[in-house]
Amino acid sequence: MTDPRRTAAGGGNDLATLLADGIRQLGLSINDEQQARLLDFQALLAKWNASLQMTSIRDPRQMVIKHLLDSLSILPRLDREPISRVLDVGSGGGLPGVVLAMVRPDWQVTVNDIVHKKTAFLTQARATFKLTNLTVVTGRVESLVVGKEVPAPFDAIVSRAFAELSDFVTLAGNLLAPGGSFWAMKGVAAENELTLPAGYELVERLPLSVPFLDAERHLLRVKVTA
């Protein structure tokens, strides 16, 4: 059987080389074992995707770029923050939440989705890769209660194409720890989406450079002001 980590990617490079090159471009320190686990996670996602249609991306090379490297692209910025607890809202196939849990084992990462088949996959990923720092929660984020569904508020709440920015911060606002930030991963950061409810402020709008991806990507950071 062909090892999915060695599947040919364009230009004669295999997936492991593609991922390693992308990580180097991002300036991240991720060891060989972690990189292998990331590719094994991608293979598991592809396997489940065949029947559950969790992502429209099926080409292995594009999955490395648009799923793994895209998820990793926020780390150079997040690593500058004092983060210990992270919530990934609308995690879907575990992007970026499972990826973050794999490469930052000192972070406690919670992944949340309302779709049971997706959280079933996330639970399987947690067990397969023995991610003791990963928690899976099913349900609407606005219904989650600190001290019940989640044990404590979060230093960072992230989302990847989850909802409009104003909806994201409003729905998840009760789960943010004092001094924490919302981090929204977006494609084009449309000006009409940047208006926020009272009490929230957009404090950073950062272009993201995802290796091998010829598309506009941004990371938006929101703080609570009231």
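Here the structure is a predicted model, which is why all the values come from computation and not from measurement.

Conventions we followed
- Every chain is numbered independently, its residues counted from 1 as its sequence is written.
- Thresholds applied to this predicted model are a pLDDT of at least 70 for local features of residues and 80 or more for the giving and counting of side-chain atom pairs; totals over whole chains, interfaces and linings are not thresholded and use all residues.
- Where side-chain values are given, they derive from all heavy atoms of the structure, hydrogens and water being excluded.
- Each helix is a run of H or I in the DSSP string that is no shorter than four residues. Each strand is a run of E no shorter than two, and both are numbered from the N terminus.
- Two things to know: the radius of gyration comes from C-alpha atoms, and the globule rule equals 2.2 Å times the number of residues to the power 0.38.
- Each residue's exposure class comes from its accessible area (1.4 Å probe, protein chains only) as a fraction of the maximum for that residue type: buried when under 20%, exposed when over 50%, partly exposed otherwise.
- Between two residues, a contact is recorded if the distance between any of their heavy atoms is within 4.5 Å.
- Only the protein chains shown count as covering a residue, and every accessible area follows the Shrake-Rupley method with a 1.4 Å probe.
- Lys and Arg are tallied as positive, Asp and Glu as negative. Neither His nor the chain termini are counted.
- For charged residues, the charge sits on one atom: NZ in Lys, CZ in Arg, CG in Asp, CD in Glu.
- Nonpolar core, defined: a set of buried Ala, Val, Leu, Ile, Met, Phe, Trp, Tyr and Cys residues in which side-chain atoms within 4.5 Å join the residues together.
- When DSSP finds at least two bridges between two strands, those strands are taken to pair.
- Axes, fitted as lines to C-alpha atoms, cover a helix only where it is in contact. Angles between the N-to-C directions of the axes lie from 0 to 180 degrees.
- Here the expected span of a helix is defined as 1.5 Å times the quantity of residues minus one.
- Only one rule defines a salt bridge in this text: a Lys or Arg side-chain nitrogen within 4 Å of an Asp or Glu carboxyl oxygen.
- For this analysis, a ring pair means two rings from Phe, Tyr or Trp (six-membered ring only for Trp) whose centres lie within 6.5 Å, classed as stacked if their planes differ by under 30 degrees, edge-to-face if by over 60, and tilted for the remaining angles.
- UniProt positions are given in the numbering used here, feature names are shortened, and annotations may be inferred rather than shown by experiment.
- Here a cavity is any set of points on a 1 Å grid over the protein atoms alone where a 1.4 Å probe fits but cannot get out, and a pocket is any open set with protein on both sides within 12 Å along at least 5 of 7 lines; a residue lines the site when it has an atom within 4 Å of a point.

### Regarding the overall build of the protein chain
Reasoning step 1: Summing up its helical and strand segments, the protein chain has seven helices and seven strands in all.
Reasoning step 2: Seen in sequence order, the protein chain has helices and strands lined up from the N terminus as α-α-α-α-β-α-β-α-β-β-α-β-β-β.
Reasoning step 3: Against the compact-globule benchmark of 17 Å for 226 residues, the protein chain has a radius of gyration of 17 Å, which places it among compact chains.
Reasoning step 4: Expressed as lengths along the three principal axes of its C-alpha atoms, the size of the protein chain is roughly 55 × 35 × 30 Å.
Reasoning step 5: Looking at the protein chain residue by residue over its 226 residues, the buried ones come to 50%.
Reasoning step 6: The contacts in the protein chain between residues at least 6 apart in sequence include a share of 68% that link residues at least 24 apart.
Reasoning step 7: Total accessible area on the protein chain stands at roughly 10300 Å², and carbon and sulfur atoms take up 49% of it.
Reasoning step 8: Distance from the positive charge centre (24 side chains) to the negative charge centre (24 side chains) of the protein chain: 4 Å.

### As for the nonpolar core
Reasoning step 1: The biggest cluster of nonpolar side chains holds 48 residues, and the ones touching the most others in it are Leu19, Phe41 and Leu72.
Reasoning step 2: Beyond its immediate stretch of four places on either side in the chain, leucine 72 contacts Leu19, Ile23, Leu26, Leu28, Ile30, Leu38, Val99 and Val103.
Reasoning step 3: Grouped together as the second largest cluster of nonpolar side chains are 20 residues, Leu87, Val150, Leu165 and Phe182 included.

### Section: the sheet that holds strand E4 (residues 154-160)
Reasoning step 1: The mixed open sheet is built from seven strands, whose spatial order is E3-E2-E1-E4-E5-E7-E6. Strands with a single pairing partner mark the edges of an open sheet, and in this sheet they are strand E3 (134-138) and strand E6 (200-207). Each strand of the sheet is rotated relative to its neighbour by a mean of 20 degrees, with strand direction disregarded.
Reasoning step 2: Bridge analysis of strand E1 (residues 85-89) against E4 gives four bridges, and the strand direction is parallel.

### Some thoughts on helix H2 (residues 32-52)
Reasoning step 1: Between its first and last C-alpha, H2 extends 30 Å over 21 residues, near the 30 Å set by a 1.5 Å rise per residue.
Reasoning step 2: Among the residues making up H2, those that are buried are Gln34, Gln35, Leu38, Leu39, Phe41, Gln42, Leu44, Leu45 and Asn49.
Reasoning step 3: In this structure, the buried residues of H2 make contact with helix H1 (15-26), helix H3 (60-72), helix H5 (97-103) and helix H6 (116-128).

### Considering the pattern of salt bridges
Reasoning step 1: Applying the stated criterion to the full structure yields eight salt bridges.
Reasoning step 2: Arginine 217 is the partner of aspartate 70 in a salt bridge, and the nearest nitrogen-oxygen pair spans 2.8 Å. Placement of aspartate 70 in helix H3 and of arginine 217 in the loop between E6 and strand E7 (218-224) is noted, with a sequence separation of 147 residues between them.
Reasoning step 3: On the basis of relative accessibility, which here comes to 2%, the residue aspartate 70 falls in the buried class.

### A few points about the packing of aromatic side chains
Reasoning step 1: A full pass over the atoms with the stated rule returns six aromatic pairs.
Reasoning step 2: Summarising the aromatic geometry, the rings of tryptophan 48 and phenylalanine 121 are spaced 5.4 Å apart at their centres and angled 65 degrees between planes, so their arrangement reads as edge-to-face. Of the two residues, tryptophan 48 is situated in helix H2 and phenylalanine 121 in helix H6; the sequence distance between them amounts to 73 residues.
Reasoning step 3: Its relative accessible area of 21% is what places tryptophan 48 among the partly exposed residues.
Reasoning step 4: Centre to centre, the rings of phenylalanine 182 and tyrosine 200 are 6.0 Å apart; their planes meet at 65 degrees, and the pair counts as edge-to-face. A residue pair is termed long-range when its members are at least 10 positions apart, and phenylalanine 182 in strand E5 (residues 176-186) and tyrosine 200 in strand E6 qualify at 18 residues.
Reasoning step 5: Joined through ring pairs, the aromatic side chains of Phe41, Trp48, Phe121 and Phe129 make up one cluster.

### Topic: the UniProt feature "binding site: S-adenosyl-L-methionine" (unreviewed entry) in the protein chain
Reasoning step 1: According to UniProt, the feature "binding site: S-adenosyl-L-methionine" (unreviewed entry) maps to Gly90, Leu95, Val141, Glu142 and Arg160 in the numbering used here. From the list above, the largest pocket is lined by Gly90, Leu95 and Arg160.
Reasoning step 2: Filtering out sequence-adjacent residues up to four positions away, glycine 90 remains in contact with Asn112, Asp113 and Phe162.
Reasoning step 3: Of the residues examined, valine 141 reaches a relative accessible area of 3% and is grouped as buried.

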